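Chain by chain, the residues run as shown.
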Amino acid sequence: MREADTFIKELKLAEEAGAVRLVKGQGAHRGHVAHVRLESPIAGYRHLGRHPIGGIAGEAHRKIVDGLALHSGLVVAASQIASIWSRAKTCNGFSPGDADTVRIVFILAQAVLDGRHAGMDYRTFSRRVSGDSKTLERLEGPVVRLIAAILDLPPDAKPREALRTLGLEKFAPPLLMSGQLDFADTDLSQTRPLYFGIPPNEAERIRFRGTPTYVLTVENYASFNRHIIEADHSGVGLTIYVGGYPSLATQHALGVLAGKLPRSIPFFHWSDIDADGTWIFQTIEKAIGRPLLPHLMSPEIAERFGRRATSKSGRRECPQNSGIAALVQYLASDKAKTLEQEELDPELPYIPAIALTTEQPRTGESRLAVENQTNTQAA
């Protein structure tokens, strides 16, 4: 009874404040409260010393964007976050009380979009932009989510891998290459290393002892090693390991190397058959500024050796004149299969000067694709 009396007193105080109206019963119950009507939510908030969630979200939004010159995509993102907060929900683990932290996320994202990270390592960039060298490492996930809505990033990459493709990394990994190569004034013909590595920004100093028959870039390190040991042990081509998702420094190096070779030399790329593999292909295609052909990457190979994808990435935009357009279209199907490149044995890319099979595959296809087609026809 004591709790009930206290409750009725609180309701009467709310009524006096104009927040609610108490409706009494009739007859024998006229002395009792039958129900309570809400008269003014604003008066109720004022009476309780609280603020509407919409106002809290609006104030948090102002904290995030105040004084910042943001890309239009970030402006939209900030409004979307405020909209989610106004429904009393968190956004990517952040609540309105985290507005100061979210503001730093937007500052870092805008700095990347402005290119302020160029020529800097991870922690130097973080320190200069946020005042703390480790801030980016703590917030790289949210930063990448903002940037990914504006720039084309690999769909399934980890945040740090995605930032590396934009040139934001601690230090660029070495560029590993195998072929008939020399470096600056050093003659490597006597030692003939399996492969050697250089900083990507030193690609201009690479010299070719002879024109390679082909150029092949490879995503996976194991496949890179297997290719130069099992398929091209004599080094007739130039094989390059791009380090998974190629960093911006690696992309620039590939452009430099492509510029050193005649347009008649075919360029190939070998990746996993999945959305990330096609992203890497298109990135290298843009970097070299010349036609690029898929190696062991075709719908036929996926159908023969692949497995049905457990999760589906969104359909990628791909120009019809891209060398990977057919595979991108195939992967957009609900019945598409994916394949890790390590599942395949290495083989030389098909070029007219090297006859790998009695039946020549079409440009960009592999021997496996032709075998699959032949077996299907025979069946």
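Everything quoted here is computed from the prediction, not taken from an experiment.

Undergrad: Any chance you could explain the overall build of the chain here in plain terms?
TA: Per the secondary structure count, the chain includes 14 helices and 12 strands. Its C-alpha atoms give the chain a radius of gyration of 30 Å, clearly above 21 Å, the size a compact globule of 379 residues would have. Taking the principal axes of its C-alpha atoms as reference, the chain extends roughly 105 × 60 × 35 Å. Across the 379 residues that make up the chain, the buried fraction comes to 44%. Relative to all contacts within the chain whose residues are 6 or more apart in sequence, the contacts with residues 24 or more apart total 65%. Entry remark: accessible area of the chain is about 20200 Å², with carbon and sulfur atoms responsible for 51%. The distance from the centre of the 44 positive side-chain charges to the centre of the 43 negative ones in the chain is 8 Å.

Undergrad: How do you make sense of the pattern of salt bridges when you look at a structure like this?
TA: Between side chains of opposite charge, a pair can form when the charged atoms approach closely. Counted according to the given criterion, the structure contains 12 salt bridges. E59 serves as the salt-bridge partner of R62, at 2.7 Å between the closest nitrogen and oxygen. With a gap of three residues between them, R62 and E59 both fall in helix α3 (residues 53-65), about one helical turn apart. The partner of R207 in a salt bridge is D182, with the nearest N and O atoms 3.9 Å apart. One end of the pair, R207, is in strand β6 (residues 206-208); the other, D182, is in strand β4 (residues 181-183), with 25 residues separating them in the sequence. One network of salt bridges, in which partners are shared, links R123, E137, E140 and R160.

Undergrad: How should I be thinking about the packing of helix α10 (residues 248-260) against helix α11 (residues 275-288) in this particular structure?
TA: Helix-helix packing is characterised by the crossing angle of the two axes and by the distance between the axes. The N-to-C vectors of α10 and α11 enclose an angle of 50°; their axes lie 8 Å apart at closest approach. The angle between the axes of α10 and α11 places the two elements in the oblique class. Crossing handedness for the pair α10 and α11: right-handed. Between α10 and α11, the contacting residues are Q251, L254, G255 and A258 on the first element and T283, I284, A287 and I288 on the second. Tallied by class, the residues present in the contact of α10 with α11 amount to five nonpolar, three polar and no charged.

Undergrad: Before we go on, may I ask you to explain the environment of I301 in this structure?
TA: Inspection of the secondary structure assignment puts I301 in helix α12 (residues 299-305). According to the relative accessible area criterion, I301 is buried, its value standing at 2%. Sequence separation of I301 and G25 is 276 residues, and the distance between their C-alpha atoms is 78 Å.

Undergrad: I tried to follow α10 on my own but got confused; where do I start?
TA: Working note: α-helix, 3.6 residues per turn, so residues spaced by three or four point in the same direction. For α10, spanning 13 residues, the distance from its first C-alpha to its last is 19 Å, which sits close to the expected 18 Å at 1.5 Å a residue. Residues of α10 that are buried: T250, Q251, A253, L254, L257 and A258. Along the axis of α10, the buried positions cluster into a sector of 160°, meaning they face one direction only. Set apart from the buried face of α10 by more than 90 degrees, the exposed residues are H252 and G259.

Here is what the cut-offs are and how they apply
- Residues numbered from 1 in each chain as written.
- Predicted model: local features only at pLDDT ≥ 70, side-chain atom pairs only at ≥ 80, totals over all residues.
- Heavy atoms only, no water.
- Helix = DSSP H or I, 4+ residues; strand = E, 2+ residues; numbered from the N terminus.
- Rg over C-alpha atoms; globule rule 2.2 N^0.38 Å.
- Buried < 20%, exposed > 50% of the residue type's maximum accessible area, 1.4 Å probe, protein only.
- Contact = heavy atoms within 4.5 Å.
- Areas by Shrake-Rupley, 256 points an atom, 1.4 Å probe, with all protein chains shown as cover.
- Lys, Arg positive; Asp, Glu negative; His and termini not counted.
- Charge placed at Lys NZ, Arg CZ, Asp CG, Glu CD.
- Salt bridge = Lys/Arg side-chain N within 4 Å of Asp/Glu carboxyl O.
- Axes fitted to C-alpha atoms, helices over the stretch in contact; angles between N-to-C directions.
- Parallel < 35°, antiparallel > 145°, perpendicular 65-115°, else oblique.
- Left-handed = near helix turned anticlockwise from the far one by under 90°.
- Nonpolar A, V, L, I, M, F, W, Y, C, P; charged D, E, K, R; others polar.
- Expected span 1.5 Å × (residues − 1).
- Arc of directions from axis to C-beta.

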